[in-house]
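Here are the chains, one letter per residue:
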Amino acid sequence: MNRREALKGTAMILGYAFTGSTVAALMQSCDSGAKLTWIPQVLSETQAKTLSAIVDRILPKTETPGALEVGVDQFIDKMLQKVFPEDIQKGFSGGLDSFNAAANTAFGKDFTKGSAEQQDQLIREYEEKSGPLPGSMWGFSFGEPTEFPFYRMMKELALMGYFQSEKVGKEILAYNPIPGPYEGCIPYSDVGKIWTE
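Predicted model only: the values in this text are computed from it and were never measured.

Caption draft 1: Representation of the overall build of the chain within the structure. Counting secondary structure elements, the chain contains 9 helices and 2 strands. The order of helices and strands in the chain, counted from the N terminus, is α-α-α-α-α-α-β-β-α-α-α. Evaluated residue by residue, the chain yields a buried proportion of 29% over its 197 residues. If you take every contact in the chain between residues at least 6 apart in sequence, the share linking residues at least 24 apart comes to 55%. Accessible surface, the chain: about 13,100 Å² in total, of which carbon and sulfur atoms supply 56%.

Here it is, written out as structure tokens:
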């Protein structure tokens, strides 16, 4: 028997002493939030849930697949593990914690538990206050940011993971794994849609 069934049974035994709203509140408190369907390698479970919620709001499912549908959150965690050094991993994890703390300050709960409007508002605030990533060439940065550029890095990785995913590359964008001959001047109407690079 799970907790929900036990609570329902208890309410009935007590002769419906609990009101409907009390039982509903108790059952909601049993829900631990969205479940992860993957195991994070760098991020904690809370950080991974926050990341999943952020990328889902930035690239939601519409008539095209959403970020979670193509595994953008998993892609970011895998990139952190395989590509970035430990100091970047820690900076990114700390950025997720700060983002979640900002959500708690703004609307009194974790980002994952906020309404869509609250989540969008916080993302807009981060979008406005986050400067561009410093330029780099061959792995050398041209400048050091004053603070870790969590939001810009997260968004850049999210877009990279989304547009380079197999599902988006083959089903949404035009896809030609073996390019044909070069045609320098053709009407746009012949192209049909944006091409995967």
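Next comes the rest of the account.
Caption draft 2: Looking closely at the pattern of salt bridges. Per the counting criterion, the structure on display carries 8 salt bridges. Where E69 meets K61, a salt bridge forms, and the shortest distance between an N and an O atom there is 3.2 Å. On the basis of relative accessibility, which here comes to 56%, the residue K61 falls in the exposed class.

Caption draft 3: Fine view of the side chain of Q47. Within the fold, Q47 resides in helix α3 (residues 45–58). Excluding residues within four positions of it along the chain, Q47 makes contact with S93, L96 and D97.

Caption draft 4: Geometry of α3. The terminal C-alpha atoms of α3 lie 20 Å apart, and with 14 residues this matches the ideal 20 Å at 1.5 Å per residue to within 8%. Buried residues of α3: Q47, A48, K49, T50, L51, S52, A53, I54 and V55, and no others. Looking at the buried residues of α3, the elements they touch are α4 (72–82), α5 (86–107), α6 (116–129) and α7 (150–163).

Quick notes on the rules
Residues numbered from 1 in each chain as written. Predicted model: local features only at pLDDT ≥ 70, side-chain atom pairs only at ≥ 80, totals over all residues. Heavy atoms only, no water. Helix = DSSP H or I, 4+ residues; strand = E, 2+ residues; numbered from the N terminus. Buried < 20%, exposed > 50% of the residue type's maximum accessible area, 1.4 Å probe, protein only. Contact = heavy atoms within 4.5 Å. Areas by Shrake-Rupley, 256 points an atom, 1.4 Å probe, with all protein chains shown as cover. Salt bridge = Lys/Arg side-chain N within 4 Å of Asp/Glu carboxyl O. Expected span 1.5 Å × (residues − 1).

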